[in-house]
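Read off the chains here:
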Amino acid sequence: MPNAAARSRLPIVALLAVAGAIAFFAIRGREVPPPEEDAVQADPAPPDPRTTFPTPYRNVRPEVKFVGDSRCAGCHEAIDKTYHAHPMGRSAAFVSAATSFETFDEESRPRFARGEVQLRVERTAAGFTHVMSAGDAPAHEAPAHLAIGSGARGRSYLSLQSGALWQTPISWFTSKNQWDVSPGFNLDDGGRRAIVPECLFCHVDRVEHVPGSVNRYREPLLPVQAAIGCERCHGPGELHVAERTLARLPNGDADTSIVNPKRLPTELQTAIC
């Protein structure tokens, strides 16, 4: 058993321990906590150039809508016919409505092979489907929904599947009057190529890309028209159609309701298309 001296020291030791604890927490309470790191802030979105660029043309504003070439043709029939005779005016078309110049006889090779890969074109009520198969693997079928190209040299085809747009593995080559593998197509990719917005900008009117996706687009895919139209260079036509339907401009007055490329500075003329 502890002797009397030891027993007399126990309360003192306990008091010192309590006092030390109180002092420790008091000091901790007076410590200044380290500064919190500033949360990373996203860069602000750049201003819409349609609202900030100094231009006299009022149709470039984001609230002005596109109307399509059919509205332009009402007053500019001769220009519209000339434009749509040009390959650019026939840059794309829905297969179901396109002028068909593809053929399906044996000479046009609707069935052909590349190594061990078999490819064929099957006609359907809506147009045709491209089919690729290899060995015992399931065949990949891609209905052709959109034809890309005027046909002067050939056509390639896009297939819309659950909002995603893919190029099919087979194209039509006008110079050879034959079906063949699409240019630069890698058949090892499973029979399709993702079509990104940059590709579409050069070949079709306008699409709305789904943010965060690679090749998904809002539907209807091409709400106004398929081919590149007048408004690619002149801007949205809604304001122009509304104002010119009500009244004509006095002779010599500049029309600011629609972009006129002829009146733009040289650097903007070359940047339009």
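Presented here is an overview of the structure given in this document. Counting starts from 1 at the beginning of each chain's written sequence and moves along it residue by residue. At least 70 in pLDDT is required for a residue's local features to be given in this predicted model, at least 80 for side-chain atom pairs to be given and counted, and no such filter applies to totals for whole chains, interfaces and linings, which use all residues. For the side-chain quantities, the full set of heavy atoms in the structure was used; hydrogens and water were omitted.

## Describing the nonpolar core
For the purposes of this section, nonpolar cores are sets of buried Ala, Val, Leu, Ile, Met, Phe, Trp, Tyr and Cys residues that join through side-chain atoms within 4.5 Å. Between buried and exposed lies partly exposed: a residue is buried under 20% and exposed over 50% of the maximum accessible area for its type, with that area taken using a 1.4 Å probe on protein chains only. In terms of nonpolar packing, the biggest core is built from 17 residues, with Leu-119, Phe-128, Tyr-157, Trp-179 and Leu-187 touching the most fellow members. Looking at this core, the elements that each hand over two or more residues are β3 (117-124), β4 (127-134), β9 (170-173) and β10 (178-181). The element that contributes the greatest number of residues to this core is β3, accounting for three residues. By size, the runner-up hydrophobic cluster in this structure holds 12 residues, among which are Ala-92, Leu-158, Leu-165 and Tyr-217. Put simply, DSSP H or I for four residues or longer makes a helix, DSSP E for two residues or longer makes a strand, and each gets a number counted from the N terminus.

## Brief notes about the side chain of His-130
Tracing the backbone shows His-130 in strand β4. Given a relative accessible area of 0%, His-130 falls into the buried group. A polar contact of 2.9 Å, which involves the side chain of His-130, links it to the side chain of Thr-168. The contact criterion used is simple: two residues touch if any of their non-hydrogen atoms lie within 4.5 Å. Setting aside residues up to four positions removed in sequence, His-130 forms contacts with Arg-120, Val-121, His-140, Glu-141, Ala-142, Tyr-157, Thr-168, Pro-169, Ile-170 and Trp-179. What qualifies as a polar contact is a pair of N or O atoms within 3.5 Å, subject to a donor-acceptor requirement within protein and to the restriction that residues adjacent in sequence count only when both atoms come from side chains.

## What about the pairing of β9?
Strand direction decides the pairing type here: strand β7 (residues 154-161) and β9, joined by two bridges, are antiparallel. If you follow Arg-155 over to β9, its bridge partner there is Trp-172. Two strands make a pair as long as DSSP finds a minimum of two bridges between them. Hairpin remark: β9 followed by β10, antiparallel, with four residues in the connecting loop; positive phi at Asn-177, about 55°.

## Examining the pattern of salt bridges
Should a side-chain nitrogen of Lys or Arg be within 4 Å of a carboxyl oxygen of Asp or Glu, the pair is scored as a salt bridge. Under the criterion given, the structure shown has 13 salt bridges. The partner of Glu-122 in a salt bridge is Arg-120, and the shortest N-O contact between them spans 2.6 Å. Residue Glu-122 is classed as partly exposed on the basis of its relative accessible area of 29%. When the shortest N-O distance is used, the salt bridge between Arg-218 and Glu-208 registers 3.8 Å. Separated by 10 residues along the polypeptide, Arg-218 in the loop between α5 (197-201) and α6 (231-234) and Glu-208 in the loop between α5 and α6 bring together distant segments of the chain. Residues joined in a network through salt bridges with shared partners are Arg-58, Glu-243, Arg-244 and Asp-255.

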